[in-house]
Amino acid sequence: MRIPICLLLCLVTLSVTAQKKNDAYQLHMRKATSAIKIDGIVDEQAWQDADSASDFYMILPMDTSFAKVRTDVKMTYDQQNIYLLVINYNGAPGPYMVESLRRDFAFLKNDNFLLFMDPFDDQTNGFSFGANAAGAQWDGLMYEGGKVDLSWDNKWRSAVKNYPDRWVFEAVIPFKTIRYKKGITRWGINFGRNDLKTTEKSSWAPVPRQFPSASLAYTGVLVWDVPPPDPGTNISLIPYVLGGINKDYTNGKPEKWRRDAGLDAKIAVTSSLNLDLTVNPDFSQVDVDKQVTNLDRFELFFPERRQFFLENGDQFTNFGYSTIRPFFSRRIGLGVPIHFGARLSGKLNKNWRMGLMNMQTGSQGETALPAQNFTVAALQRKVFARSNVGFIFINKESINYNPDNVEAGKPVYSRFNRNFGLEYNLASANNFWTGKALVLRSFSPGTSGKDYVHAANLQYTSRTWNIGWQHEYVGSNYKAEVGYVPRTGFIRLAPQVTRLFFPKKGPLLSHGPQLTSSNFFTEKMERTDNELMLNYGLVFRARNTLNVWASTTYIKLLQPFDPLNYNVHYLATGTKHSWSTVGADYVSRPQSLFTYLLSARYGGYYADGQRLTLGGEFGYRFQPYVSIALSSTYNNLQLPKPWGNEDFWLVGPRLDVTMTNTLFFTGFMQYNEQLKNINLNTRFQWRYRPASDLFIVYTDNYLPEPFYVKNRALVVKLVYWLNL
């Protein structure tokens, strides 16, 4: 199967260069005329002299008028920093609505203000900073024209002060925190405001309601009076020390004490190109993954959370599609230590981006896993208005390892695995047309033929229509050992269409049907899977949502599968299964102190069985200091013998206590009946200075029946960020 020529022509011709949509919206920024203290009090002369961005446009509930809630923004700078001042006026009487003081809050559940900054004005990549009305900070890296990776963390300061008729947000962002090219005096910029009391979302430069306010295609222009200053020498050292203890009760091993230290370094090669180094990194403070009940035939995906892999990581990790990722950084350091690593990434100029990463892991004696080296190289070239062409190379190499010399009974690993790829990413000037065309090939010992991938999609998004087409081919011999490709040897066709209606009055903001189809075939075009789903969605003016849906499913198993995922009793290869399912999902109003999400599905299952799934997530906040949440999922499976009837519970209560916006405590417990496991994780974090933290992490693991402790661990970690 080949990528249709007509589709490729569409992908290219839709990218014709066009003038920036909101080029007329300009904020002129001049150097500060006085010193500025970050305290939320507007009494400096510099703010009196700075230009103001006002007259925001409404995005929701309707994008055809000015915002009713007033927001004023000012920006200035000195030799070291960018300064931001935002006056957020009350939209309605009553207290502000926030979740907590936790960093990187959920946008839709907080009264907040966000800055979207595109220093290269390429409408693709940038930075986001912001705060909610209680002072919780938000920061992230922007990629793919409108997505924000909130796992990124860097040095900057802010203050929020509340007044009877407004809340003021003041921030200072060092030039050394961001990446930009010297000499560029026009940056992409936009400001977004979310006011829950009035259910109004707005932006300074207008954004159509079908796109997020973070959409860089609709930024205005930040005009500097002179080119931004050179940030000078920009080297940061981030050492850590930790101590800890863990005990393995299951195997009866004695306590194991842990003493460790490591170092990260950030070196600005240029103002837009950064070198990151790490020696003996540690990720013990990273949030635990949220477990799910796995009733699928394929591996589940859990996102990367480790800080070192995140900055400019979109060039590597977003290459491909959600289930065709040639590179997935969580494959590195899985159960083995990472000795050291380096990454060079950033902008070469307005049109070129690059990323180069090398990581070295140690060996693992218990599993006989050899030491391995991982190299990833990516290069991206902007073309037309907002599109780009990208190249990637991935190499996984086992060091001093020969599979032929492995002892009997020991696992055998590959000597190497390599991937080359090329993709074209389409993004039209107004963002109505998006798409991708992708080609990949892998190289592994002993394989040849059917070792490549090609895929393409094209999507049209207007206010009332969303129409898309995607097809994929993954060869049966394609291998991405450092990627996430849970399925090989298939051809997939996936069209979808959505139609929205917008009532002028009444409780509904929008509603409409969506039809999606996913069809899998063998490489010989024999049908193996298909799912057809019809969904009807309703969005209310108060921002609560309801979706009802029905689907039909057909599956022909290509390998044995245990429908309970116990790996005990299997359905045979070649057996055919079909069923129908109905379901509904409801999300409550985010303005309430008590919020909830309810979901239900009922229908058939494998082997003419039945499946009932009930899910819920309930939360209550004592704003802004305490947030309590409980998520739970119940699955009831009714199957013929030898499986019989089975119930799976998954329960996860969570407690977030935010004493201040620099002092946090999180407690998270998960009970997974399918895995027969109870896990408890608690984390205390004190940000005693910008980007410098003290962590105390305690974990407990239990077997529920019979109840006993499996293992326990306590880690105390101190991180210090030092600028040279």
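Scroll up a little and you will see the structure.
Rules of the game
- Throughout this document, residue positions are counted from 1 along each chain, in the order its sequence is written.
- The predicted nature of this model means local features are confined to residues of pLDDT at least 70 and side-chain atom pairs, given and counted, to a pLDDT of 80 or more, with totals for whole chains, interfaces and linings taken over all residues.
- Only hydrogens and water are removed before side-chain values are computed, so all heavy atoms of the structure are retained for them.
- A run of H or I in DSSP counts as a helix once it spans at least four residues, and a run of E counts as a strand once it spans at least two, with each numbered from the N terminus.
- Both definitions apply: the radius of gyration is a C-alpha atom measure, and the globule rule equals 2.2 Å times residues to the power 0.38.
- For each residue, the accessible area found with a 1.4 Å probe, counting protein chains only, is set against the maximum for its type, and the residue is called buried under 20%, exposed over 50%, and partly exposed in between.
- Here, two residues are considered to be in contact whenever any of their heavy atoms come within 4.5 Å of each other.
- Counted charges follow a simple rule, with Lys and Arg positive, Asp and Glu negative, and His plus the chain ends left uncounted.
- Working definition for charges: the position is that of NZ of Lys, CZ of Arg, CG of Asp or CD of Glu.
- Here, strands pair whenever DSSP counts at least two bridges between them.
- Ring geometry is summarised as follows: Phe, Tyr and Trp rings, the Trp one being its six-membered ring, pair when their centres sit within 6.5 Å, and such pairs are stacked at plane angles under 30 degrees, edge-to-face over 60 and tilted between the two.
- We call a set of buried residues a nonpolar core when its members are Ala, Val, Leu, Ile, Met, Phe, Trp, Tyr or Cys and they connect through side-chain atoms within 4.5 Å of each other.
- A pocket here means an open set of points on a 1 Å grid, computed over the protein atoms alone, that has protein on both sides within 12 Å along at least five of seven lines. A cavity is instead a set of points where a 1.4 Å probe fits but cannot get out; residues with an atom within 4 Å of a point line either one.
- Grid points are joined across faces, edges and corners, and a volume is the space filled by probe spheres set on the points.
- In this classification, the charged set is Asp, Glu, Lys and Arg, the nonpolar set is Ala, Val, Leu, Ile, Met, Phe, Trp, Tyr, Cys and Pro, and all remaining amino acids, among them Gly, are polar.
- Residues qualify for a patch when their relative accessible area is over 30% and they have no salt bridge, like charges being joined within 9 Å and the nonpolar side chains of Val, Leu, Ile, Met, Phe, Trp and Tyr within 5 Å.
- Only the protein chains shown count as covering a residue, and every accessible area follows the Shrake-Rupley method with a 1.4 Å probe.
- Between Lys or Arg on one side and Asp or Glu on the other, a salt bridge is scored when a side-chain nitrogen of the former is within 4 Å of a carboxyl oxygen of the latter.
- Whenever two N or O atoms come within 3.5 Å, that pair is a polar contact, provided that in protein one can donate a hydrogen and the other can accept it, and provided that, for residues adjacent in sequence, both atoms are side-chain atoms.

### With respect to the overall build of the protein
Stage number 1. Counting its secondary structure elements, the protein contains three helices and 39 strands.
Stage number 2. Computed over C-alpha atoms, the radius of gyration of the protein comes to 26 Å, within 12% of the 27 Å expected from 2.2 N^0.38 for 724 residues, which places it in the range of a compact globule.
Stage number 3. When the backbone C-alpha atoms are referred to their principal axes, the protein occupies close to 75 × 60 × 55 Å.
Stage number 4. When the 724 residues of the protein are sorted by exposure, 52% land in the buried category.
Stage number 5. Counting only contacts in the protein whose residues sit at least 6 apart along the sequence, the fraction spanning at least 24 positions is 59%.
Stage number 6. Charge-centre separation for the protein: the mean point of 79 positive side chains lies 3 Å from the mean point of 62 negative side chains.

### Focus on the pairing of strand β12 (residues 186-195)
Stage number 1. By the criterion of burial, β12 is predominantly enclosed, with nine of the 10 residues buried.
Stage number 2. Inspection of the sheet shows strand β6 (residues 112-118) paired to β12 by seven bridges, in the antiparallel sense. Within β12, the residue paired with Leu115 across the bridge is Phe191.
Stage number 3. Both β12 and strand β14 (residues 220-224) contribute to a ladder of four bridges, which runs antiparallel. Within β14, the residue paired with Ile189 across the bridge is Gly220.
Stage number 4. Inspection of the sheet shows β12 paired to strand β13 (residues 200-203) by four bridges, in the antiparallel sense.

### Focus: the packing of aromatic side chains
Stage number 1. A complete count under the given rule lists 41 aromatic pairs for this structure.
Stage number 2. Geometrically, the ring pair formed by Phe316 and Phe327 is edge-to-face, given 6.0 Å between the ring centres and 75° between the ring planes. With Phe316 in helix α3 (residues 314-317) and Phe327 in the loop between α3 and β18 (338-347), this residue pair connects regions lying 11 residues apart in the sequence.
Stage number 3. Under the relative-accessibility criterion, Phe316 is labelled buried at 1%.
Stage number 4. Accessibility expressed as a relative area gives 1% for Phe327, which makes it buried.
Stage number 5. Ring geometry for Phe393 against Phe420: centres 4.8 Å apart, planes inclined by 40°, an arrangement best described as tilted.

### Quick look at the nonpolar core
Stage number 1. Core analysis: the biggest nonpolar cluster contains 37 residues, and Leu84, Phe113 and Phe191 have the highest contact counts within it.
Stage number 2. Sorting the residues of this core by element identifies β1 (26-29), β4 (71-77), β5 (81-89), β6, β7 (126-132), β11 (166-174), β12 and β14 as the ones contributing at least two each.
Stage number 3. Ranked by residues supplied to this core, first place goes to β11 with four residues.
Stage number 4. In contact with Phe191, not counting residues within four places along its chain, are Leu27, Ala53, Phe56, Val73, Met75, Leu84, Phe113, Leu114, Leu115, Ser202, Ser203 and Trp204.

### Observations regarding the pairing of strand β21 (residues 387-398)
Stage number 1. Within β21, nine of the 12 residues are buried, which leaves the element mostly enclosed by the surrounding structure.
Stage number 2. Counting the residues between successive antiparallel strands, the hairpin from strand β20 (residues 372-383) to β21 contains three residues, one of them, Phe384, with a positive phi of roughly 55°.
Stage number 3. In the sheet, β21 pairs with strand β22 (residues 416-427) via 10 bridges, with the strands oriented antiparallel. Paired with Ile392 across the two strands is Gly421, which belongs to β22.

### Focus on the environment of Asn400
Stage number 1. Examined against the element boundaries, Asn400 turns out to sit in the loop between β21 and β22.
Stage number 2. For Asn400, a relative accessible area of 82% puts it in the exposed group.
Stage number 3. Along the primary structure Asn400 and Thr528 are separated by 128 residues, whereas in three dimensions their C-alpha atoms are 41 Å apart.

### Re the sheet that holds strand β2 (residues 52-53)
Stage number 1. Spatial strand order, β2-β4-β5-β11-β10: five strands in an open sheet with antiparallel pairing. The open sheet has two edge strands, β2 and β10 (157-163), and neither has a second partner.
Stage number 2. Looking at chain direction, β2 and β4 are connected through two bridges and run antiparallel. Among the inter-strand pairings, Ala53 is bridged to a residue of β4, identified as Val73.

### So, the layout of surface pockets
Stage number 1. Roughly 1,600 Å³ of volume is contained in the largest pocket.
Stage number 2. Taken together, 44 residues make up the lining of the largest pocket; nearest its centre are Asn246, Arg258, Asp282, Ser284 and Gly335.
Stage number 3. Secondary-structure elements contributing two or more residues to the lining of the largest pocket are β15 (235-248), β16 (256-268), β36 (677-689), β37 (692-703) and β38 (708-719).
Stage number 4. By residue class, the composition of the lining of the largest pocket is 18 nonpolar, 11 polar and 15 charged.
Stage number 5. By volume, the second largest pocket is sized at about 430 Å³.

### Some details on empty space enclosed by the protein
Stage number 1. Scanning all chains against the criterion turns up four cavities of 30 Å³ or more.
Stage number 2. One number sums up the size of the second largest cavity: a volume of about 190 Å³.
Stage number 3. In terms of lining, the second largest cavity is formed by 17 residues, of which the most central are Asn125, Gly126, Phe127, Arg179 and Asn312.
Stage number 4. Those elements that provide at least two residues to the lining of the second largest cavity are β7, β8 (137-143) and β18.
Stage number 5. Grouping the amino acids of the lining of the second largest cavity by side-chain chemistry returns five nonpolar, five polar and seven charged.

### Observations concerning a nonpolar patch on the surface
Stage number 1. Taken together, the side chains of Leu593, Phe594, Leu598, Phe618, Tyr620, Phe622, Ile628, Leu630 and Leu655 define a hydrophobic patch exposed on the protein surface, amounting to about 730 Å² of accessible area.
Stage number 2. Broken down by secondary-structure element, the contributors of at least two residues to the nonpolar patch are β31 (594-605), β32 (609-622) and β33 (626-638).
Stage number 3. Counting residues per element, the nonpolar patch draws most heavily on β32, which supplies three residues.
Stage number 4. Here Ile628 lies in strand β33.

### Digging into unusual backbone geometry
Stage number 1. In the segment running from Gln623 into Pro624, the intervening peptide bond is cis, with an omega of 0°.
Stage number 2. Mapped onto the secondary structure, Pro624 falls in the loop between β32 and β33.
Stage number 3. A positive phi angle, close to 55°, is found at Thr199, a residue other than glycine.
Stage number 4. Its location among the elements puts Thr199 in the loop between β12 and β13.

### Considering the side chain of Ser692
Stage number 1. With respect to the element layout, Ser692 can be found in strand β37.
Stage number 2. A distance of 2.8 Å separates a polar side-chain atom of Ser692 from the backbone nitrogen of Trp721.
Stage number 3. When sequence neighbours within four positions are dropped, the list of residues in contact with Ser692 reads Trp686, Arg687, Val719, Tyr720 and Trp721.

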